[in-house]
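Each chain, written out:
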Amino acid sequence: MPAVDCIITAAGLSSRMGKWKMMLPWHGGTILDASIKNALQFCNRVILVSGHRATEIHNRYANQPNIIITYNPDYAQGLFTSIKVGAAAVRSEYCFITHGDMPELNRDIFRKIWALRNDSALIPCYQGQPGHPILLSKKCLLQAISQPNVNSMRQALLRGKHNIAEMNDPRITLDIDTPEDFINAQNRHK
């Protein structure tokens, strides 16, 4: 297993879901459990960024030595603020970034993206749609989060040195944002 960190954002309000999605049931655990477990099958550390309902996240994951919990006090300002918080805890030369609501990213996906690493940000895409996990060097990460006048990590990455990796795997774009997404994802696993 390479010495690589993975930032997983789990700070949002889940407003499109109507209830907090991170702790929705998923195959004997929760959506967030699955996302963390999958990342840890390839990465040696997960940097879990909390915000909304941070106490629940802390209580659930605090005693796991390979999970570093960071808190984003500005989580209501959007995802980019969470990535900035997570970036401060990165220790590895490269870093993956993904979301806590993507429980289908398995070790094979991480491995395929890792094999393509270079000195720029690597953005996986499925049929032209950007997905996750994104892989980038720590230098590239720090440059991206320090860009002026950007509103999103994607915007920051596209302004810098980046590569698009087309992958024939729809799971890289499957996040669970709405009740319909959740039902469809569960139906795929029956």
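The residue numbers shown here count from 1 along each chain, following its written sequence. Side-chain atom pairs in this predicted model are given and counted only at pLDDT of 80 or more, local residue features only at pLDDT of at least 70, and totals for whole chains, interfaces and linings cover all residues. Side-chain numbers here rest on the full set of heavy atoms in the structure, without hydrogens or water.

Student: Where do I start with the overall build of the protein chain in this structure?
Tutor: For the purposes of this entry, the term helix denotes a DSSP run of H or I that reaches at least four residues, the term strand denotes a run of E that reaches at least two, and both are numbered from the N terminus. Counting secondary structure elements, the protein chain contains seven helices and 10 strands. Since a compact globule built from 190 residues should have a radius of gyration of about 16 Å, the 15 Å found for the protein chain is in line with a globular shape. Taking the principal axes of its C-alpha atoms as reference, the protein chain extends roughly 40 × 35 × 35 Å. Counting only residues that meet the buried cut, the protein chain has 51% of its 190 residues in that class. The contacts of the protein chain with a sequence gap of at least 6 include a subset with a gap of at least 24, amounting to 70%. Summed over its atoms, the accessible surface of the protein chain is roughly 9200 Å², and 48% of this surface lies on carbon and sulfur atoms. Counted as positive: Lys and Arg. Counted as negative: Asp and Glu. His and the chain ends are not counted at all. The atoms used to mark charge sites are NZ of Lys, CZ of Arg, CG of Asp and CD of Glu. Treating the 21 positive side-chain charges of the protein chain as one cloud and the 15 negative ones as another, the clouds have centres 4 Å apart. Based on C-alpha atoms, the radius of gyration is set beside the globule rule, defined as 2.2 Å times the residue count to the power 0.38. Partly exposed residues are those whose accessible area sits between 20% and 50% of the maximum for their type, while under 20% is buried and over 50% is exposed, using a 1.4 Å probe and protein chains only. Residue contacts are defined here by distance: any two heavy atoms, one from each residue, within 4.5 Å place the two residues in contact. Here the accessible surface of atoms and residues is derived via Shrake-Rupley with a 1.4 Å probe, and residues count as covered only by protein chains that are part of the display.

Student: When you look at the nonpolar core in this model, what are you seeing that I'm missing?
Tutor: When a protein is soluble and globular, its nonpolar side chains tend to lie buried together. Throughout, nonpolar core names a set of buried Ala, Val, Leu, Ile, Met, Phe, Trp, Tyr and Cys residues whose side chains join them through atoms within 4.5 Å. Counting residues in each nonpolar core, the largest one holds 30 residues, and the members touching the most others are Ile8, Leu32, Ile36, Leu48, Phe96 and Phe110. Counting residues per element, the ones that place at least two in this core are strand E1 (5–10), helix H1 (31–40), strand E4 (45–50), helix H2 (54–61), strand E6 (94–99), helix H4 (107–115) and strand E7 (121–126). In contact with Phe110, not counting residues within four places along its chain, are Cys6, Asn38, Ala39, Phe42, Cys43, Phe96, Leu105 and Pro133. The next biggest cluster of nonpolar side chains, apart from the first, holds 22 residues, and it includes Ile83, Ala121, Ile145 and Val150.

Student: Could you clarify how one ought to interpret the pattern of salt bridges in this entry?
Tutor: When their charged atoms lie close together, side chains carrying opposite charge are able to pair. Any Lys or Arg side-chain nitrogen located within 4 Å of an Asp or Glu carboxyl oxygen qualifies as a salt bridge. Considering all chains together, one arrives at seven salt bridges under this definition. The salt bridge partner of Arg60 is Asp33, with a shortest N-O separation of 2.6 Å. Here Arg60, found in helix H2, pairs with Asp33, found in helix H1; they are 27 residues apart in sequence, far enough to count as distant. Salt bridges linked by common partners bring Asp108, Arg111 and Lys112 together as one network.

Student: What is the right way to look at the side chain of Ser137 in this model?
Tutor: Among the secondary structure elements, Ser137 is positioned in strand E9 (residues 134–137). The exposure class assigned to Ser137 is buried, which follows from its relative accessible area of 10%. Looking at Ser137, its side chain comes within polar contact range of the main-chain nitrogen of Cys140, at 3.1 Å. Look past the residues within four positions of Ser137 in its chain and what remains in contact with it is Glu93, Tyr94 and Asp119. Side-chain atoms alone can form a polar contact between residues adjacent in sequence; in general such a contact is a pair of N or O atoms within 3.5 Å, and within protein one must be able to donate a hydrogen while the other accepts it.

Student: Would you take a moment to explain the side chain of Ser50 for this structure?
Tutor: Tracing the backbone shows Ser50 in strand E4. Overall, Ser50 belongs to the buried group, its relative accessible area being 2%. Look past the residues within four positions of Ser50 in its chain and what remains in contact with it is Ala10, Ala11, Ile57, Ile69, Thr70, Tyr71 and Asn72.

Student: Explain the state of the cysteines to me, please; I cannot follow it from the model alone.
Tutor: Here, the word disulfide means a covalent bond between the sulfur atoms of two cysteines. Defined by distance alone, a disulfide is two cysteine sulfur atoms within 2.5 Å. Overall, the coordinates contain zero disulfides when judged by the stated rule. In this model Cys43 remains outside any disulfide bridge; the closest cysteine sulfur is found in Cys6, 4.7 Å from its own. The thiol of Cys95 is not disulfide-bonded; the next cysteine sulfur, from Cys6, is found 6.7 Å away. Judged by relative accessible area, Cys95 falls into the buried class, the value being 0%.

Student: Explanation requested: the packing of aromatic side chains in the structure shown.
Tutor: Stacked, tilted and edge-to-face pairs are distinguished by plane angle, under 30 degrees for stacked and over 60 for edge-to-face with tilted covering the rest, among Phe, Tyr and Trp rings (Trp via its six-membered ring) whose centres lie within 6.5 Å. Taken as a whole, this structure holds five aromatic pairs when the rule is applied. On the basis of an interplanar angle of 80° and a centroid distance of 5.6 Å, the ring pair of Tyr94 and Trp114 is categorised as edge-to-face. Highlighted residues: Tyr94 in strand E6 and Trp114 in helix H4, separated in sequence by 20 residues. The exposure classification of Tyr94 matches that of Trp114, with both residues buried. Between Phe96 and Phe110, the aromatic rings sit 4.9 Å apart at their centres with planes inclined by 75°, giving edge-to-face as the arrangement. Here Phe110 lies in helix H4 and Phe96 lies in strand E6, a separation of 14 residues in the sequence. Ring pairing ties together the aromatic residues Phe42, Tyr94, Phe96, Phe110 and Trp114, which thus form one cluster.

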